[in-house]
Amino acid sequence: ARRHRVAVIGGGSAGVSVAARLRRAGVTGITLVEPSDTHWYQPLWTLVGGGQAPLHASRRPEGTVIPDGVHWLRRRALAVDPDARTVTLSGGDELGYENLVLAPGLRLDWDGVPGLAEAVGRDRVSSNYAPEYAPRTWELIRNMRAGTAVFTHPSGPLKCGGAPQKIAYLAADHWRRRKVLDRIRIILVLPDPTLFKVPEWSRVLEGVAARYGIEVRLRSELTAVDGDRREITVTSLADGTKESIGYDFLHAVPPQSAPGWIRTSPLADPKSPQGFVAADPHTLQHPSYDTVFTLGDVANLPTSKTGAAVRKQAPVVAANLLDTMNGRPPSRRYDGYTSCPLLTAHDRMLLAEFDYDLRPTPTFPLIDTFKERRDMWLFKRFVLPPAYWRGMLTGRL
Ligand code: FAD
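Computed from a predicted model, the values in this text were never measured in an experiment. As a convention, each chain's residues are numbered from 1 in the sequence order in which they are written. Local features in this predicted model are restricted to residues of pLDDT 70 or higher, and side-chain atom pairs are both shown and tallied only at a pLDDT of 80 or more, whereas totals for entire chains, interfaces and linings draw on every residue.

Caption draft 1: Representation of the overall build of the chain. The number of helices and strands found in the chain is ten helices and 21 strands. Every radius of gyration here is taken over C-alpha atoms, with the globule rule written as 2.2 Å times N^0.38, N being the number of residues. Computed over its C-alpha atoms, the radius of gyration of the chain comes to 21 Å, within 12% of the 21 Å expected for a compact globule of 397 residues. Burial in this document is a count-based property: other C-beta atoms within 10 Å of a residue's C-beta are tallied, and the residue is buried at 20 or more, exposed at 12 or fewer, or partly exposed in between, with C-beta positions derived from the backbone. Burial status across the chain gives 48% buried among its 397 residues. Whether two residues are in contact depends on their C-beta atoms, placed from the backbone: they are in contact if these lie within 7 Å. Residue pairs in contact within the chain that sit at least 24 positions apart in sequence constitute 65% of those at least 6 positions apart. Strands here are runs of E lasting at least two residues and helices are runs of H or I lasting at least four, both read from the DSSP assignment and numbered beginning at the N terminus.

Put into structure tokens, the structure is as follows:
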């Protein structure tokens, strides 16, 4: 059967950005496999949960973001055989490829915490991690006048590591302005020993949490949800002790891993417990299969999984894939750049940008990004979304 010159699996932030860049470089014969008819700009979901943006602003029909000249196959990839260079698709067909870009994102393991799958979306449990639940976060925040609110962060890699705590700050700021903050006990549960990986920003966030009176439980994770009794179990990762906490509102973020078919494929990194795809951290090429590249949430890279990281990875993958197609070694390098816009109030934000060495790598070197800033909040709310749709997805930015 005919082989597709380039197969891109996943039409999310990463897959569409790479396809657009390859098209701009004149590459033909690109097939993009994406089962969904909707493309989501997920960074907006924090603002949806915080009552600052409508859900529909995060959604566009997939067909409108697929670059001209790219063939869209509305199928789901079910398996990949990198030796035969084939991908098995839903419906049973096989797609043969010469070059492969793997970008199917990650899987949310709602079943990873007993009781969570049953409770989310009901029982005063919400999550900004899925579009069906993000609007409910705002409903619960808006209606809360007293009681206990718990925000949890799973252990293991997750997309946008700041999102589990940003929503706690947005909620607290809303309650402060409503003058009910002193009647609400807020608990933030995190697996790490600090609030943020980079010490400079961690210190600022400690101040933010203290300002709102948030009880921070470090080195702990959510291990059970009892939606009927509105009770959760939080387990200490330091000594295994368990604590039951009654809640009136729970914002939970599920554990995350590679999709099952990736995890069981020869492309998964044996060193990744969650089965993410192996890649050279700088060239993003698979270590064993030269014509396979990966990026975005599914890639096993020692940096935070964000759309901002995808923006820097996409040009590297496109250039290095072109090199490979032309028989040259990959020439572009990714330095691990990622960024996390940490919303700390309804009109304030910290923009944390750093690389593989956790070195701050500011886009705007002249402004102090270790301070909560209103201009950065405006940037997140009004500049980044159009920059995403018009710049990043079209391969211009
Ligand atoms: P996705 O954009 O998730 O796309 C994956 C695509 O693959 C989807 O379209 C899916 O349908 C498709 N797919 C899945 N399985 C298959 C299959 N088997 N076959 C074919 N296609 C498949 N990033 C930031 O930079 N800043 C932020 O402020 C920020 N905030 C966030 C807040 C929240 C609440 C969330 C959930 C995420 C946030 N992110 C943020 C992270 C950002 O959205 C992701 O890192 C980014 O979308 C990753 O792009 P991706 O293409 O790898 O995955």
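Caption draft 2: Structural detail: the pairing of strand β21 (residues 348-354). With five of seven residues buried, β21 is to be regarded as a mostly interior element. Hairpin connection from strand β20 (residues 338-345) to β21: two residues lie between these consecutive antiparallel strands. The criterion for strand pairing is that DSSP finds at least two bridges linking the strands in question.

Caption draft 3: Broad picture of the sheet that holds strand β11 (residues 147-152). Across the sheet, five strands lie side by side as β10-β17-β11-β12-β13; this open sheet has parallel pairing. Edge positions in the sheet fall to β10 (125-126) and β13 (215-217), since each has one partner strand and no second. Direction of pairing for strand β12 (residues 184-189) relative to β13: parallel, over a ladder of three bridges. Across the sheet, the residue bridging to Val-189 is Arg-217, located in β13. Of the strands in this sheet, β11, β12 and β17 (249-251) are in contact with helix α6 (residues 163-177), which crosses β11 at around 155°. Note on geometry: axes are C-alpha line fits, over the in-contact stretch for helices, and angles between N-to-C directions span 0 to 180 degrees.

Caption draft 4: Structural view of the site of the ligand. Residues are classed as near a molecule or strand if the C-beta position derived from their backbone is within 6 Å of it. Taken together, 35 residues form the shell around the ligand, and within it Gly-10, Gly-12, Gln-42, Gly-105 and Gly-296 come nearest. Of all the elements in the fold, those that place two or more residues in the shell around the ligand are α1 (13-24), α2 (45-49) and α9 (307-325). Residue type decides the class: Asp, Glu, Lys and Arg count as charged, Ala, Val, Leu, Ile, Met, Phe, Trp, Tyr, Cys and Pro as nonpolar, and the leftover types, Gly among them, as polar. Among the residues forming the shell around the ligand, the class breakdown is 17 nonpolar, 13 polar and five charged. Delimitation of the domains relies on an automatic or database domain assignment. Of the domains in this structure, domain 1 (3-106 + 258-336) and domain 2 (108-254) are the two that each give at least three residues to the shell around the ligand.

Caption draft 5: Fine view of the sheet that holds strand β15 (residues 231-236). Reading across from one edge, β14-β15-β16 is the order of the three strands in this open sheet, with antiparallel pairing throughout. Both edges of this open sheet fall to β14 (220-226) and β16 (242-246), since each of them pairs with a single strand only. Across the sheet, the mean angle separating the axes of adjacent strands is 25° when strand polarity is ignored. Alignment of β14 against β15, held across six bridges, turns out to be antiparallel. Bridging across to β15, Ser-220 finds its partner in Ser-236.

Caption draft 6: Up close: unusual backbone geometry. Located in the positive-phi region is Lys-179, a residue other than glycine, with phi close to 65°. Position of Lys-179 relative to the elements: it lies in the loop between α6 and β12. Among the residues examined, Lys-179 registers 9 C-beta atoms within 10 Å and is labelled exposed.

Caption draft 7: Region of the structure containing the UniProt feature "domain: FAD/NAD(P)-binding" (unreviewed entry) in the chain. UniProt positions are given in the numbering used here, feature names are shortened, and annotations may be inferred rather than shown by experiment. According to UniProt, the positions carrying the feature "domain: FAD/NAD(P)-binding" (unreviewed entry) are residues 5-303. Within residues 5-303, the helical portion is 22% and the strand portion 27%, while the C-alpha atoms at the span's ends are 30 Å from each other.

Caption draft 8: Representation of the nonpolar core. Val-8, Val-18, Val-101, Val-277, Leu-295 and Val-317 are the most contacted members of the largest nonpolar core, which totals 114 residues. Taken domain by domain, this core gets at least three of its residues from each of domain 1 (3-106 + 258-336) and domain 2 (108-254). In this view, Val-101 contacts Val-6, Val-8, Ile-9, Gly-15, Val-18, Phe-293, Val-317 and Leu-321; residues no more than four positions away in its chain are not counted. As used throughout, a nonpolar core is a set of buried Ala, Val, Leu, Ile, Met, Phe, Trp, Tyr and Cys residues joined through C-beta atoms within 7 Å of each other.

Caption draft 9: View of the pairing of β15. Once β14 ends, the chain turns through four residues before running back antiparallel as β15, passing Arg-230 with a positive phi of about 50°. Note that β15 and β16 share five bridges and pair antiparallel. Its bridge partner lying in β16, Thr-235 is registered against Lys-242. Turn length for the β15-β16 hairpin, with the two strands adjacent in sequence and antiparallel, is five residues, and the turn residue Gly-240 shows positive phi of about 80°.

Caption draft 10: Spotlight on the environment of Ala-352. Mapped onto the elements of the fold, Ala-352 is located in strand β21. It is 27 Å that separates the C-alpha atoms of Ala-352 and Gln-285, two residues lying 67 residues apart in sequence.

Caption draft 11: Spotlight on the confidence of the model for the chain. What pLDDT expresses is the predictor's confidence in each residue, scored from 0 to 100. For the chain, per-residue confidence averages 97 on the pLDDT scale, and residues scoring 70 or more make up 100% of the total. We note a pTM of 0.97 for the whole complex and an ipTM of 0.99 for its interfaces.

Caption draft 12: Representation of the domain arrangement of the chain within the structure. As far as domains go, the chain holds domain 1 (3-106 + 258-336) and domain 2 (108-254). One C-alpha centre belongs to domain 1, the other to domain 2, and the line joining them spans 30 Å. Facing 14 residues of domain 1, the contacting portion of domain 2 comprises 19 residues. Classifying every residue of the side of domain 1 that touches domain 2 gives five nonpolar, seven polar and two charged.

Caption draft 13: Layout of helix α7 (residues 199-211). Take the number of residues in a helix, subtract one, and multiply by 1.5 Å to get its expected span. For α7, which comprises 13 residues, the first-to-last C-alpha distance of 19 Å matches the rise-based estimate of 18 Å (1.5 Å per residue) to within 8%. All of the buried residues along α7 are Trp-201, Leu-205 and Val-208. The buried side chains of α7 occupy one side of the element, clustering within an arc of 50° when seen end-on. Seen from the open side of α7, the exposed residues pointing more than 90 degrees away from its buried face are Pro-199, Gly-207 and Ala-210. Buried-residue contacts for α7 involve α6, β20 and β21. Looking at the residues trailing α7, positive phi occurs at Gly-213, about 70°. Directions drawn from the helix axis to the C-beta atoms are what define this arc.

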